[in-house]
Amino acid sequence: MNFFQKESLIAVYFKITEHLLKWLLIAIVAGIFVGSASALLLESLYFVTDLREANTWIIAFLPIGGLVIGLMYHYWGKDVVKGNNQLIDEIHSPKDIIPLKMAPFVYIGTVLTHLFGGSAGREGTAIQMGGALVDQLSKIFKFSHENRKIIIVIGISAGFASVFGTPLAGAIFALEVLIVGRMRYEAIVPSFLAAVVADYVCLAWGVHHSHYVVDLVPEIDILTFLVAILSGVFFGIAGRIFSKGIPFFQGYANKIKYPPLRPFVGGIFIALSVYVMGTTKYIGLGVPIIEEAFVNPLPYYDFALKILLTTFTIGVGFKGGEVTPLFFIGATLGNALALFLPLPMALLAGMGFVAVFSGATNTPIACTMMGIELFGIEAGVFIAIACIVAYLFSGHSGIYSSQVIGSSKNQDLDHHKGKLLKEV
């Protein structure tokens, strides 16, 4: 190696170091803001959930809460109403800075939804808060379109990682969720840095995350391998039903011409359903039921009722994420499958926990990593099989309509469809 080659190599490493330090600094700033926002969100949801469960009469006011949310977004939040899909759209085609008001609007809407008894999650809120907060850096530093894409990815990864306590899954999710079948590696460094920082900051605020135990993992043999595949089929179908359910109810809700009345009317139906069922187990986050699914047999229909209530809640216009309800659906479905599939109940609950999520969001790698982070590497092979098969059987649709299909899940099926079209 001559002198000029050495000089060139030094310049390359200098540029790489400069790149790393740049995104490390941005990741630290973003992680502090987003991790703190997630801590506020989680503590708020814990508080209003305990308040609602101690005073169940509050659920009667769900229609009023829905009306407040509807009025807020109709008159002041039309430019942020698309939520997670707006963030994905901005990454695909950068146009305008995400309005900062997205963060307080979705926070207020989510807290009201949970206070009065809607069935929703928290991931969508954390992601939207993260994206809106971090994108303000683009306004300050005049980032290019390409850097803005990375900035929004940072917001997504930081929000996801900190709200669930899964930094590796959060970083991969932000890279995988944008394009079905593809990953965007240009943002891999800042995505991982921001996820780790945000998770650390959230924990530093004293926030706790739920813990789940998969205490028995059998050896992989022909039988358990085939059973894991079969369970993935059920999980994928559940994810597909969920992702189709939201637009189904949105279609009916849209028949009400005045948008603020949609969650008001929907709130009446949800409150009445809770009264008729005589239980609050299917509203809110449902974390106690998720935890119970790992240790005790539950009614086989729990997952179906959660699908119905959550898709209806989101479909009529209430705010919150879909992922924690998907955890509920997956864990309780896995619990039910233990009635006839020869795998341990806790393992099936853990597989379903992440596999239904995988099917509904088209993110099998992130969900596999989340399963390993939450349940341990011992269950990793079973989790991976369930997530990948669920991804395959969920179809190309998902809960994020702005996802772009980068590659087909099933080229043989596409070829078959092409032959049928030619014959027609």
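What counts and how
- Residues numbered from 1 in each chain as written.
- Predicted model: local features only at pLDDT ≥ 70, side-chain atom pairs only at ≥ 80, totals over all residues.
- Heavy atoms only, no water.
- Axes fitted to C-alpha atoms, helices over the stretch in contact; angles between N-to-C directions.
- Helix = DSSP H or I, 4+ residues; strand = E, 2+ residues; numbered from the N terminus.
- Left-handed = near helix turned anticlockwise from the far one by under 90°.
- Contact = heavy atoms within 4.5 Å.
- Nonpolar A, V, L, I, M, F, W, Y, C, P; charged D, E, K, R; others polar.
- Expected span 1.5 Å × (residues − 1).
- Buried < 20%, exposed > 50% of the residue type's maximum accessible area, 1.4 Å probe, protein only.
- Salt bridge = Lys/Arg side-chain N within 4 Å of Asp/Glu carboxyl O.
- Core = buried A, V, L, I, M, F, W, Y, C linked by side-chain atoms within 4.5 Å.
- Phe/Tyr/Trp six-rings, centres within 6.5 Å; stacked < 30°, edge-to-face > 60°.

## Some thoughts on the packing of helix α6 (residues 145-164) against helix α7 (residues 167-176)
Contact geometry for α6 and α7: axes closest at 8 Å, N-to-C directions at 145 degrees. The crossing of α6 and α7 is right-handed. Only Pro167, Ala169, Gly170, Ala171, Phe173, Ala174 and Leu175 of α7 make contact with α6, whose side of the interface consists of Val153, Ile156, Ser157, Phe160 and Ala161. For the contact of α6 with α7, the class distribution of residues is ten nonpolar, two polar and no charged.

## Describing helix α15 (residues 364-375)
Here α15 is twelve residues long and its end C-alpha atoms lie 16 Å apart, about the 16 Å a rise of 1.5 Å per residue gives. Here α15 has its buried residues at Pro364, Ala366, Cys367, Thr368, Met370, Gly371, Leu374 and Phe375. As for α15, its buried residues are in contact with α6, α7, α13 (323-337), α14 (345-361) and α16 (380-393). After α15 finishes, the residue Gly376 shows a positive phi value of roughly 100 degrees.

## Thoughts on unusual backbone geometry
Its identity is not glycine, yet Lys142 carries a phi of approximately 55 degrees, on the positive side. For Lys142, the position within the fold is in the loop between α5 (123-141) and α6. Given the relative accessible area of 68%, Lys142 is considered exposed.

## Concerning the pattern of salt bridges
Within this structure, the stated rule accounts for eight salt bridges. One salt bridge connects Asp79 with Lys101, and the closest N-O pair in it is separated by 3.1 Å. Note that Asp79 is positioned in the loop between α2 (62-76) and α3 (84-92) and Lys101 in the loop between α3 and α4 (102-116), a separation of 22 residues in sequence. Classification of Asp79 by relative accessible area gives partly exposed; the value is 37%. For the salt bridge of Glu146 with Lys149, the shortest nitrogen-to-oxygen distance reads 3.3 Å. Of this pair, Glu146 and Lys149 both sit in helix α6, three residues apart, which is roughly one turn of that helix. Residue classification places Glu146 among the partly exposed residues on the basis of a relative accessible area of 48%. Given a relative accessible area of 13%, Lys149 falls into the buried group. Residues participating in the shared-partner salt-bridge network are Glu90, Asp135 and Arg148.

## Section: the environment of Phe357
Among the structural elements, Phe357 can be located in helix α14. A relative accessible area of 1% places Phe357 in the buried class. Between the C-alpha atom of Phe357 and that of Gly239, which follows or precedes it by 118 residues, the distance is 6.6 Å. With residues near it in sequence (within four places) discarded, Phe357 still touches Phe160, Phe173, Val323, Leu326, Phe327, Cys367 and Met370.

## Examining α4
With 15 residues, α4 ought to run about 21 Å at 1.5 Å a step, and its terminal C-alpha atoms sit 21 Å apart, in line with that. Within α4, 13 of the 15 residues are buried, which leaves the element mostly enclosed by the surrounding structure. Looking one or two residues beyond α4, the residue adopting positive phi is Gly117, at roughly 110 degrees.

## Let's talk about the nonpolar core
Formed by 128 residues in total, the largest nonpolar core has its most connected members in Phe294, Met351 and Phe353. Contacts of Met351, omitting those with residues within four sequence positions, involve Ala228, Ser231, Phe235, Leu343, Phe382, Ile383 and Ala386.

## So, the packing of aromatic side chains
Scanning all chains against the criterion turns up 25 aromatic pairs. Between Phe173 and Tyr400 the ring centres are 6.4 Å apart and the planes differ by 70 degrees, which places this aromatic pair in the edge-to-face class. Here Phe173, found in helix α7, pairs with Tyr400, found in the loop between α16 and β2 (404-405); they are 227 residues apart in sequence, far enough to count as distant. When the centroid spacing of 4.1 Å and the interplanar angle of 15 degrees are considered together, the rings of Phe327 and Phe353 count as stacked. Residue Phe327 is located in helix α13, and its partner Phe353 is located in helix α14; the two are separated by 26 residues in the primary sequence. Comparing Phe327 with Phe353, the two get one shared label, buried.

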